[in-house]
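What the coordinates show
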Amino acid sequence: MSKLKEADFYYGAILSHLFTNGICPMMIEGGSDRQVYEFTTNQEDFKLFAKYRSMPIVTLQDGYSSWQFSFSPSDISELKTYIGDAKHLSVGLVCGNEPLNKSEIAILHKEEISEILALGKESLTISRKEGERAFRISIGGGREQAMQIKCNRKY
């Protein structure tokens, strides 16, 4: 029997979330640093590019949790290809925390990924203040100018 890897727990969380929302995926590519899933639903077909961070980064401000996600040159190339496809693209960022039931999933859509890639970014930092109903992704200009992503967003 093979041993489970840390990535199995985080990607399993995203799959469990999808199953409980009535969406059944088919994995088309996988690895320890990211996985890509393709979905067929009664509404539309789409791809989900998933990444995870097991713990938030240390911040200087109380009540904030932040996670940094890096994208390799091949990730960026692949994302650009998916953006050009007719299918919808979502990027699922599993934001791990301790205890594990404090972990969250942030969903970015094709348009937001395009905007981030157009800025030439190879990484993004996503944060959430305790009690807020949206994640924020810094795109320059401070917290007030950040891209907001609703916490309860669908794929």
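Scope of this entry: the structure provided in the associated data block. Just so we're clear, the structure is a prediction, and the values are computed from it rather than from any experiment.

Definitions and cut-offs
- Residues numbered from 1 in each chain as written.
- Predicted model: local features only at pLDDT ≥ 70, side-chain atom pairs only at ≥ 80, totals over all residues.
- Heavy atoms only, no water.
- Helix = DSSP H or I, 4+ residues; strand = E, 2+ residues; numbered from the N terminus.
- Buried < 20%, exposed > 50% of the residue type's maximum accessible area, 1.4 Å probe, protein only.
- Pairing = 2+ DSSP bridges.
- Core = buried A, V, L, I, M, F, W, Y, C linked by side-chain atoms within 4.5 Å.
- Contact = heavy atoms within 4.5 Å.

The next subject is unusual backbone geometry. Residue proline 99 follows glutamate 98 across a cis peptide bond; omega there is -5°. Tracing the sequence through the fold places proline 99 in the loop between β5 (88-95) and β6 (104-109).

Of the two faces of strand β8 (residues 134-137), the one carrying Ala134 and Arg136 and the one carrying Phe135 and Ile137 are both buried. Sheet analysis places strand β7 (residues 123-129) next to β8, joined by two bridges and oriented antiparallel. Looking across to β8, one finds that isoleucine 126 is bridged to isoleucine 137. Where β8 meets strand β9 (residues 147-150), four bridges bridge the pair, whose relative direction is antiparallel.

The nonpolar side chains of soluble globular proteins are, as a tendency, buried together. One finds Leu108, Leu124 and Ile126 to be the most contacted residues of the largest nonpolar core, which totals 23 residues. Mapped onto this core, the elements with two or more residues apiece are β4 (64-70), α2 (73-84), β5, β6, α3 (110-118), β7, β8 and β9. Excluding anything up to four places from it in sequence, leucine 124 contacts Trp67, Gln68, Phe69, Phe71, Leu93, Leu108, Ile116 and Ile137. Membership of the second largest hydrophobic core comes to 16 residues, among which are Ala7, Phe39, Ala50 and Ile105.

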